[in-house]
Amino acid sequence: MKDNSVVKKAFVDSVPVAAGYIVLGIGFGFILNTKGYGLPWAMAMSLFIYAGSMQFVCINLITSGASLAAAALTTLMVNARHLFYGISMIDRYRGTGKAKPYLIFALSDETYSLVCRDNIDVPKEKLTVYFFLVSLLDQAYWNIGTFIGSSAGYLLNINSDGMDFALTALFITIVTEQWLSSDRHRPAIIGGAVSVICLLIFGPSNFLIPAMIAITIGMFAIRKMEEGKDAGN
């Protein structure tokens, strides 16, 4: 397979990601601009943080004056899934040389879904190039969306009321899809119930961290229960 064929395949495989990332990037850039943080801030976050949903969460953290400790803990909890992504990619990214630091940095949810497949249909000696191109293209899509959104927020007088609901809508869509595609509903039930209880106890400004801690404890409890049942059988 020639290098231009690898480029073409990486682009074709990443087109579905572009459809989502550009739209969400537009939303992020626009909302951040309405909060008083213009194009340089938006592009810096998408270039150096590049954390998708966490960037939306960062908007509220920045504008609410959250402490560094709260920001760090929230980031850890929201992106904890990447710990498992990273572990599962140790062997796949072995031998990727100078590209490895960027591959690790750019491992988003959608990029992971593309590079973790066993049927990529790319010669082994070209895999590093494919991994790099997919990672780079996906971040480029996000940055393109961020640029468009931030620029539009600056140039156009658009009522942004309700636009920050985009992330909530995204999470609802993800949870609904997981509910419909899985027979295991306990995690979703626990997550929803704990979030509501913490919201009522701590209020909308302070419920996130307690909810995440409680949900994590709940997930570990479920895991232990299931392991106990398997051992008993």
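Basis of the calculations
Residues numbered from 1 in each chain as written. Predicted model: local features only at pLDDT ≥ 70, side-chain atom pairs only at ≥ 80, totals over all residues. Heavy atoms only, no water. Helix = DSSP H or I, 4+ residues; strand = E, 2+ residues; numbered from the N terminus. Buried < 20%, exposed > 50% of the residue type's maximum accessible area, 1.4 Å probe, protein only. Salt bridge = Lys/Arg side-chain N within 4 Å of Asp/Glu carboxyl O. Core = buried A, V, L, I, M, F, W, Y, C linked by side-chain atoms within 4.5 Å. Contact = heavy atoms within 4.5 Å. Axes fitted to C-alpha atoms, helices over the stretch in contact; angles between N-to-C directions. Parallel < 35°, antiparallel > 145°, perpendicular 65-115°, else oblique. Left-handed = near helix turned anticlockwise from the far one by under 90°. Nonpolar A, V, L, I, M, F, W, Y, C, P; charged D, E, K, R; others polar. Phe/Tyr/Trp six-rings, centres within 6.5 Å; stacked < 30°, edge-to-face > 60°. Polar contact = N/O pair within 3.5 Å; in protein donor to acceptor, adjacent residues only side chain to side chain. Patch = residues over 30% accessible without salt bridge, like charges linked within 9 Å, V, L, I, M, F, W, Y side chains within 5 Å. Areas by Shrake-Rupley, 256 points an atom, 1.4 Å probe, with all protein chains shown as cover.

> Is there a simple way to explain unusual backbone geometry in this structure?
The phi angle of most residues is negative, glycine excepted, and most peptide bonds adopt the trans form. Backbone geometry places Tyr 50, a non-glycine residue, at a positive phi of 45°. Inspection of the secondary structure assignment puts Tyr 50 in the loop between helix H2 (39-48) and helix H3 (53-63). Judged by its relative accessible area of 7%, Tyr 50 falls in the buried class. The backbone of Asp 121 sits at a positive phi, close to 65°, despite the residue not being glycine.

> So what exactly am I meant to see when it comes to the pattern of salt bridges here?
Side chains carrying opposite charge are able to pair once their charged atoms draw close together. Going through the model one piece at a time under the given rule, you end up with three salt bridges. Where Asp 13 meets Arg 117, a salt bridge forms, and the shortest distance between an N and an O atom there is 3.3 Å. Of the two residues, Asp 13 is situated in helix H1 (residues 3-34) and Arg 117 in the loop between helix H7 (109-115) and helix H8 (127-155); the sequence distance between them amounts to 104 residues. With a relative accessible area of 16%, Asp 13 lands in the buried category.

> What am I meant to see in the nonpolar core here?
For soluble globular proteins, the rule of thumb is that nonpolar side chains tend to be buried together. Formed by 39 residues in total, the largest nonpolar core has its most connected members in Phe 28, Met 54, Tyr 93, Leu 107, Val 115, Tyr 130 and Phe 131. Where this core is concerned, the elements lending two or more residues are H1, H2, H3, helix H6 (100-105), H7 and H8. Broken down by element, this core gets its largest block of residues, eight residues, from H1. Those residues in contact with Val 115, other than ones at most four positions away along the chain, are Met 89, Arg 92, Tyr 93, Leu 107, Ile 120, Phe 131 and Val 134.

> I'm lost on the packing of H3 against helix H4 (residues 68-78) in this one. Help?
How two helices sit against one another is set out by the angle between their axes and by the gap between those axes. At a closest axis distance of 11 Å, the pairing of H3 and H4 adopts a crossing angle of 160°. Classified by the angle their axes make, H3 and H4 are roughly antiparallel. Where H3 crosses over H4, the handedness of that crossing is right-handed. On the side of H3, the interface is formed by Ser 53, Met 54, Val 57 and Leu 61, while H4 contributes Ala 71, Thr 74, Thr 75 and Val 78.

> Sorry, what's going on with the packing of H2 against H8 here?
Two elements in contact, H2 and H8, have axes separated by 9 Å at closest approach and are oriented at 165°. Judged on the interaxial angle alone, H8 and H2 are roughly antiparallel. In the crossing of H2 with H8, the sense of the turn from one axis to the other is right-handed. Contacts between H2 and H8 involve Leu 39, Ala 42, Met 43, Ser 46 and Leu 47 on the former and, on the latter, Gln 139, Trp 142, Asn 143, Thr 146, Phe 147, Ser 150 and Ser 151. In terms of residue class, the contact of H2 with H8 is made up of six nonpolar, six polar and no charged.

> Looking at this structure, I do not really get the packing of aromatic side chains. What am I missing?
Geometry of an aromatic ring pair is reported as the spacing of the ring centres plus the angle between the planes. Inspection of every chain in the model, using the stated rule, returns ten aromatic pairs. When the centroid spacing of 6.2 Å and the interplanar angle of 45° are considered together, the rings of Tyr 50 and Phe 105 count as tilted. Note that Tyr 50 is positioned in the loop between H2 and H3 and Phe 105 in helix H6, a separation of 55 residues in sequence. Classification of Phe 105 by relative accessible area gives partly exposed; the value is 33%. Every member of this aromatic cluster is reached through a ring pair, and the members are Tyr 21, Phe 28, Phe 56 and Trp 142.

> Explain the side chain of Gln 139 here, please?
With respect to the element layout, Gln 139 can be found in helix H8. For Gln 139, a relative accessible area of 7% corresponds to the buried category. Of note is the side chain of Gln 139, whose polar atom sits 3.2 Å from the backbone oxygen of Ser 46. For Gln 139, the residues in contact, after removing those within four places along its chain, are Ser 46, Leu 47, Tyr 50, Tyr 102 and Phe 105.

> What is the right way to look at a nonpolar patch on the surface in this model?
Judged by side-chain polarity, Val 196, Ile 197, Leu 200, Ile 201 and Phe 202 come together as a nonpolar surface patch covering roughly 530 Å² of accessible area. One can find Ile 197 in helix H10 (residues 186-202).

> Hey, could you run me through the environment of Val 6 in this one?
Considering the arrangement of structural elements, one finds Val 6 in helix H1. Classification of Val 6 as buried rests on a relative accessible area of 0%. Taking C-alpha positions, Val 6 is 6.1 Å from Tyr 130, a pair spaced 124 residues apart along the chain.

> What exactly am I supposed to notice about the environment of Ser 14 here?
Topologically, Ser 14 is positioned in helix H1. In sequence terms Ser 14 and Asp 138 are 124 residues apart; their C-alpha atoms lie 6.7 Å from each other. In contact with Ser 14, other than residues within four places in its own chain, are Leu 114, Leu 137, Asp 138 and Tyr 141. In this structure the side chain of Ser 14 is engaged in a polar contact, spanning 2.8 Å, whose partner is the side chain of Tyr 141.

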